Amino acid sequence: MPETLSHVPFIRPGAWRWFGLVALCLVLDQVSKAWVVAFSGGLPMSVEVLPFLNLVMAWNRGVSFGLLGDSGLGPWPLLAMAVLLAGVLCAWMLRASHWLLACALALMTGGALGNAIDRVRWGAVADFLDFHVLGWHFWAFNLADTWISVGAALLVADSLFRRES
């Protein structure tokens, strides 16, 4: 990274490398969504992949679990929130003192930006993974949601189990 930025007091040395993980999460999310949208034509569908997993095409116009989807606000307030959250997470990531915390924040940033891109691109978030067991279906989700969930779990683990010296 630029030599001038390596001496900024609030940025940890080597912190910029975590943007590689952000980019990887973003690329995997967008490629998977583009494939599913192309495969389905953007229309609702359900294809059994495994006895417990269906490939579906669902559009989420709200936030988690479709909340606020019928608010009439459109995608722009949710997009603004996602971009603001990604900015906060990036700033925190650059200051993170431990690799687990930085990894959690990078995953969450990549996921937030992946879903934000969907809102700009399609006006809704493309969800396509449908896990189910004994007739009960988990809500449909995508890789960005996975990155956010895993990042949040790592964030909790970091706060519970890591001790500062």
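Residues numbered from 1 in each chain as written. Predicted model: local features only at pLDDT ≥ 70, side-chain atom pairs only at ≥ 80, totals over all residues. Heavy atoms only, no water.

- The name given to the protein in an unreviewed UniProt entry is Lipoprotein signal peptidase, and the organism recorded there is Haematospirillum jordaniae.
- UniProt, in its Function (unreviewed entry) section for the protein, records the words "This protein specifically catalyzes the removal of signal peptides from prolipoproteins."
- Heading Subcellular location (unreviewed entry) of the UniProt record for the protein holds this comment: "Cell membrane". (UniProt positions renumbered as here; feature names shortened; annotations may be inferred.)

Some points on the UniProt feature "transmembrane region" (unreviewed entry) in the protein
Item 1. As recorded in UniProt, the sites labelled "transmembrane region" (unreviewed entry) are residues 73–92, 99–117 and 137–157.
Item 2. With 100% helix and 0% strand, the stretch residues 99–117 has end C-alpha atoms that lie 27 Å from each other.
Item 3. Taken end to end, residues 137–157 is 71% helix and 5% strand, and its first and last C-alpha atoms sit 27 Å apart. (Helix = DSSP H or I, 4+ residues; strand = E, 2+ residues; numbered from the N terminus.)

Brief notes about the packing of helix H1 (residues 18–40) against helix H4 (residues 143–161)
Item 1. One way to put it is that H1 packs onto H4 with a least axis distance of 8 Å and a crossing angle of 145 degrees. Contacts from Cys25, Leu28, Asp29, Ser32 and Lys33 in H1 reach Leu143, Ala144 and Trp147 in H4.
Item 2. Residue composition of the contact of H1 with H4, by class: 5 nonpolar, 1 polar and 2 charged. (Axes fitted to C-alpha atoms, helices over the stretch in contact; angles between N-to-C directions. Contact = heavy atoms within 4.5 Å. Nonpolar A, V, L, I, M, F, W, Y, C, P; charged D, E, K, R; others polar.)

What to know about the UniProt feature "active site" (unreviewed entry) in the protein
Item 1. In the UniProt entry, the feature "active site" (unreviewed entry) is given for Asp127 and Asp145. Maximum C-alpha separation among the annotated residues is 8.9 Å over a sequence range of 19 residues, consistent with a single clustered spot.
Item 2. Among the structural elements, Asp127 can be located in strand S3 (residues 125–133).
Item 3. Of the residues examined, Asp127 reaches a relative accessible area of 4% and is grouped as buried.
Item 4. With near-sequence residues (within four places) excluded, Asp127 lies in contact with Val56, Met57, Ala58, Asn60, Ala140, Phe141, Asn142 and Asp145.
Item 5. Relative to the elements of secondary structure, Asp145 occurs in helix H4.
Item 6. Relative accessible area serves as the criterion here: at 21%, Asp145 is assigned to the partly exposed category. (Buried < 20%, exposed > 50% of the residue type's maximum accessible area, 1.4 Å probe, protein only.)

As for the packing of aromatic side chains
Item 1. For the structure on display, the rule yields 7 aromatic pairs.
Item 2. With centroids separated by 5.8 Å and ring planes inclined at 90 degrees, the aromatic side chains of Phe138 and Phe141 adopt a geometry described as edge-to-face.
Item 3. The exposure class of Phe141 is buried, given its relative accessible area of 13%. (Phe/Tyr/Trp six-rings, centres within 6.5 Å; stacked < 30°, edge-to-face > 60°.)

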